[in-house]
Amino acid sequence: MIDSIRGCSLLTLNDMSCAAITEVLDTAESFVEVNRRAIKKVPALKGRVVASLFFEESTRTRLSFEAAAKRLSADVLSLAVASSSMKKGESLRDTIATIEALGIDAVVMRHKSSGAAAQVEGFVPNVRVINAGDGQHQHPTQGLLDAFTVRQVLAERLGVIGSETGSSLFEGLNVLIVGDIRHSRVARSDVAAYVALGASVRVAAPGTLLPVDIDAWPVSVVEDFDEAIEWADVVGLLRLQHERGTGSFVPSLGEFTFTHGLTWERARRLKSGALIMHPGPMNRGVEVDSRVADLDAAIINRQVENGVPIRMAVLYLCIVGAAKGEVQ
Amino acid sequence: MSAIVLRHGLIVARAGSRLGDVLIRDGVIEQVADQVEAPPGAQEVDAEGCWIGPGLVDLHTHLREPGREQAEDIESGARAGAIGGYTALVAMPNTEPALDNVALVAYVLERGSRTPLDVAVAGAITRGREGQFLAPMAEMAALGVRLFTDDGLGVQDPLVMRRALEYAKPLGVTLAQHCEDEKLANGGSMNEGAVSGRLGLIGRPAVAEEVMVMRDLELVRLTGARMHFLHLSTARSVAMVVAARRMGLPVTCEVTPHHITLDEVSCSNFDPRFKVHPPLRVLSDVAALRQGLRDGTIDAVATDHAPHAPELKDLPFDEAPAGMLGLEHAAALAYEALGSEECSPITFFDVLSRNPARIAQLRQGDRRFGMSGQGGDVVEGESANVVVFDPDSRWRVDRTALQSRSINTPYHGRELLGRVRSTIAKGRLVVDESVLV
Ligand SMILES: [Zn+2]
């Protein structure tokens with residue numbers, strides 16, 4: 001069990017304790033306030049260098065990390081490796097050696113291969129590696145920001161701020177994660193975060209989109225999505241890659257929607273106050289009905305907004321390693 | 001060639017092992033006795049506390065020449081083999097280009113004849129190992145090729161496999177299969193199961209191997225041709241082959257040193273040095289393979305020695321090539337899998353020497369094309385292919401101290417028990433005190 005990410009790389013949320021995750025959420029809470037200021041900048045990482053290394057392009061995630069680093073006053077080296085000459089076949093070791101020579105403190109990296117961030121960490125033990133998504137393995141900051149968003153919204157309803165609640169709002173919370181669990185790094189990180197915080201998690205997916213090791217996951221499997229709808233306090237939807245819905249994993253996108261889409265009819269059966277989440281980008285009309293995505297219950301924009309403070313918290317804790325309360 | 005005297009070892013023989021000396025001269029085991037008199041100028045090897053047995057025979061060596069000499073060549077592979085106690089290697093045909101014709105087979109045989117070891121060749125079953133059209137097996141057989149395989153890949157098309165078996169049968173050769181249905185293996189990079197699911201890596205399920213084992217056993221039943229199953233990695237695969245043999249089918253099988261000493265958990269750190277096909281399985285499979293080796297149902301340990309240039313093993317796990325080094329540590333790993341102190345020297349040499357020599361048709365009676373006899377007991381008159389193995393020597397694997405041109409061993413830093421002290425190949429002392437002479 002890891003009890004704090006301070007001074008460490010962040011590769012996975014597996015084996016993170018409740019305390020470790022709560023610490024990130026609480027740190028992020030203090031950065032939310034920074035983001036509301038006119039001048040959205042603190043000097044916490046002044047003089048530090050963060051490289052963003054996206055072997056697989058994701059403009060949203062890259063910009064979110066870079067904004068987070070800049071608001072902490074770090075220097076950002078953005079290497080658009082996905083579009084450069086660094087392609088399949090170039091060894092990770094060579095690529096990382098090139099940028100390590102630039103004197104970086106941390107690498108934020110996205111790669112289509114599971115484990116690539118862990119391999120890079122092995123090559124540069126003195127550089128903190130922050131996994132911004134590796135293959136079908138993990139997407140830790142997404143898992144953290146999802147948990148953060150849930151806590152923030154539930155705390156607001158109680159008229160308090162999230163950091164006053166610790167992990168208490170997750171006790172007895174029912175989270176239902178639906179869709180392509182098998183290929184989803186978001187699902188793996190979400191499950192780890194919610195379970196560590198004390199929530200009860202169920203998953204629903206077509207048989208071909210459940211992971212082979214689902215029996216070892218700390219979740220229960222829902223055979224029928226419809227039966228679990230009324231149980232859920234939070235419904236976490238996942239993006240279905242289009243090619244998965246064209247015959248190889250499910251017969252068609254339409255059939256996926258029929259069995260596992262959050263349709264208008266299903267949404268009407270949700271508990272009042274239930275939250276609907278999606279890591280984006282959404283396939284409207286596939287995972288979720290367009291009208292459902294626009295309900296107040298759908299807190300998808302909050303997830304996007306919270307990307308920056310969560311990533312500020314992660315960068316700050318991983319690089320500086322300072323104790324709570326020293327943020328400003 | 002000077003004479004060699006091995007002193008005070010346990011001379012391992014099926015008819016009865018004994019302590020004593022061995023005199024080797026002119027490529028032949030000349031005398032086995034309590035004490036032999038060293039001829040003038042003889043090299044003396046102290047074998048006190050060691051086993052003296054037939055030189056090891058590897059059924060499954062990827063020597064990479066021609067085509068990928070930066071990873072290994074025949075000469076460096078033979079050096080690695082000698083250090084590992086091997087006196088004969090079977091070169092696999094997945095070179096570039098593939099060994100699918102007599103010119104290339106002759107080239108490898110010729111290059112092999114310049115090394116101290118016997119280097120035999122396994123020819124490709126299909127042209128270019130593409131799985132479609134039969135390679136000229138009869139022509140290659142005329143050069144002495146006795147094993148054919150498309151290893152690297154199994155022959156996927158069942159009709160091609162049926163034809164290959166029918167064609168091979170009257171040639172007196174054996175087809176060797178890498179059993180994995182590539183459709184079911186689905187481009188995966190490790191065993192499918194608890195670890196692959198957690199790591200988000202696509203798995204190569206056990207069933208991909210087992211389905212092909214089952215298919216090929218039925219094709220052997222149909223055709224009556226001989227078949228050798230390469231690197232079996234699951235308990236079910238072994239059980240099926242053993243059951244088929246009990247029913248009289250002409251089938252044999254091997255396991256690798258890594259499948260009997262490592263399991264899928266080794267992949268947890270995404271280190272591509274643990275990536276291999278078939279993949280490292282689960283502990284219950286490891287235990288079943290070890291049991292099969294001990295009770296004699298598994299015929300052989302074969303290395304699947306697969307050198308890869310270092311930069312290729314720095315790629316992400318799913319992009320890195322599969323395979324690991326084997327020759328230099330196989331004897332110690334087999335000794336460990338056979339129970340170390342409980343390991344019977346007879347079984348040890350059965351699985352590492354006698355049985356592989358029989359399967360590859362490299363014994364004294366099969367002699368051909370300048371090769372010596374392999375896998376025989378250490379008795380007077382046998383070819384002088386002999387290994388001296390010290391079962392009490394503890395040592396540590398060091399990837400910077402290998403004879404192979406590559407360093408992709410998953411065992412770096414691991415302490416091993418049992419070490420090859422001397423290798424005598426074709427009457428020449430090529431390794432002594434665990435270093436090349
Ligand atoms: Zn193979």
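Because the structure is a prediction, the values reported are computed rather than measured.

Attention now moves to the overall build of chain B. Along its length, chain B carries eleven helices and 19 strands. For a compact globule of 437 residues, the expected C-alpha radius of gyration is about 22 Å, and chain B comes in at 20 Å, within 12% of that figure. If one aligns the C-alpha atoms of chain B with their principal axes, the spans along those axes are about 65 × 45 × 45 Å. By the burial criterion, 65% of the 437 residues in chain B qualify as buried. Surface exposure of chain B reaches about 15000 Å², of which carbon and sulfur atoms provide 50%. Between the mean site of the 44 positive side-chain charges and the mean site of the 59 negative ones, chain B shows a separation of 3 Å.

Turning next to the domain arrangement of chain B. Residues and elements named next belong to chain B. According to the domain assignment, chain B consists of domain 1 (4-51 + 379-436) and domain 2 (55-369). A separation of 25 Å is found between the C-alpha centroids of domain 1 and domain 2. Carbon and sulfur atoms supply 60% of the area that domain 1 and domain 2 bury against each other, a total of about 3900 Å² over both sides. It is R405, N408 and Y411 that lose the most area in domain 1 upon contact with domain 2, and together they represent 18% of the buried surface on that side. Remark: the boundary between domain 1 and domain 2 carries four salt bridges.

Before going further, it helps to spend a moment on the domain arrangement of chain A. Residues and elements named next belong to chain A. The domain architecture assigned to chain A consists of domain 1 (18-137 + 307-320) and domain 2 (140-304). Taking only C-alpha atoms into account, the centre of domain 1 sits 25 Å from that of domain 2. In this assembly, 25 residues from domain 1 lie in contact with 28 residues from domain 2. Taking both sides of the interface into account, the surface hidden between domain 1 and domain 2 amounts to around 2100 Å²; carbon and sulfur atoms contribute 59%.

For the rest of this paragraph, the subject is the coordination of the zinc ion. Residue and element names in this part refer to chain B. Binding of the zinc ion to the protein goes through D151 (OD), H178 (ND1) and H231 (NE2), at separations of 1.9 to 2.3 Å. All donors to the zinc ion come from one chain, and their sequence spacing reads D-x26-H-x52-H. Here the residue D151 occupies a position in the loop between strand 9 (147-148) and helix 4 (158-168), and H231 occupies one in the loop between strand 13 (227-229) and helix 8 (235-246), the gap between them amounting to 80 residues.

Here the focus is the sheet that holds strand 15 (residues 300-301) of chain B. Residue and element names in this part refer to chain B. Across the sheet, which stays open at both edges, the eight strands sit in the order 6-7-8-9-10-13-14-15 with parallel pairing between neighbours. Two strands lie at the open edges of the sheet, namely strand 6 (56-61) and strand 15, each paired on one side alone. In terms of strand pairing, strand 9 meets strand 10 (residues 174-177) through two bridges, oriented parallel. Bridge pairing in strand 10 links F148 to L175. On top of the sheet, helix 4 reaches strand 10 and strand 13; it is set at about 150 degrees to strand 10, its chief contact.

Moving on: the pattern of salt bridges. Per the counting criterion, the structure on display carries 46 salt bridges over all chains. Across the salt bridge formed by R110 of chain A and E56 of chain A, the nearest N and O atoms sit 3.7 Å from each other. Taken together, the positions of R110 of chain A in strand 3 (residues 106-111) and E56 of chain A in the loop between strand 1 (49-54) and helix 2 (59-71) put the pair 54 residues apart, joining distant regions of the chain. Close ionic contact of R7 of chain B with D21 of chain B constitutes a salt bridge, the shortest N to O distance being 2.6 Å. Linking R7 of chain B in strand 1 (residues 4-11) with D21 of chain B in strand 2 (residues 18-25), this pair joins segments that are 14 residues apart in sequence. The same class applies to R7 of chain B and to D21 of chain B, which are both buried. The network of salt bridges with shared partners includes R93 of chain A together with D271, R273 and D314 of chain B.

Criteria and cut-off values
- Sequence order as written defines residue numbering, which begins from 1 separately in each chain.
- Chain letters and ligand numbers both follow the written order, the letters beginning at A and the numbers at 1.
- Two thresholds apply to this predicted model, a pLDDT of at least 70 for residue-level local features and 80 or more for giving and counting side-chain atom pairs, whereas whole-chain, interface and lining totals are computed over all residues.
- As a convention, hydrogens and water are excluded, and side-chain values are obtained from all of the structure's heavy atoms.
- Strands are runs of DSSP state E lasting at least two residues, helices are runs of H or I lasting at least four, and both sets are numbered from the N terminus onward.
- Each radius of gyration reported is based on C-alpha atoms, and the globular scaling rule is 2.2 Å times the count of residues to the power 0.38.
- Each residue is placed in one exposure class: buried if its accessible area under a 1.4 Å probe, protein chains only, is under 20% of its type's maximum, exposed if it is over 50%, and partly exposed if it falls in between.
- The method behind every accessible area is Shrake-Rupley, applied with a 1.4 Å probe, and residues are considered shielded solely by the protein chains displayed.
- Note that His is not counted, nor are the chain ends; the positive residues are Lys and Arg, and the negative ones are Asp and Glu.
- The location of each charge is read from NZ of Lys, CZ of Arg, CG of Asp or CD of Glu.
- Delimitation of the domains relies on an automatic or database domain assignment.
- Here's the idea: put two parts together, see how much 1.4 Å probe accessible area each one loses, and the total over both is what we call buried area.
- Here a salt bridge means any side-chain nitrogen of Lys or Arg lying within 4 Å of a carboxyl oxygen belonging to Asp or Glu.
- Pairs of residues are marked as contacts when any of their non-hydrogen atoms sit within 4.5 Å.
- Any N, O or S atom lying within 2.8 Å of the metal counts as a donor, with the limit raised to 3.2 Å for Na, K and Ca; because water is left out of the atom set, some sites can appear incomplete.
- Paired strands, as defined in this entry, are two strands with at least two bridges between them according to DSSP.
- Note on geometry: axes are lines fitted to C-alpha atoms, helical ones only across the stretch in contact, with angles between N-to-C directions running from 0 to 180 degrees.

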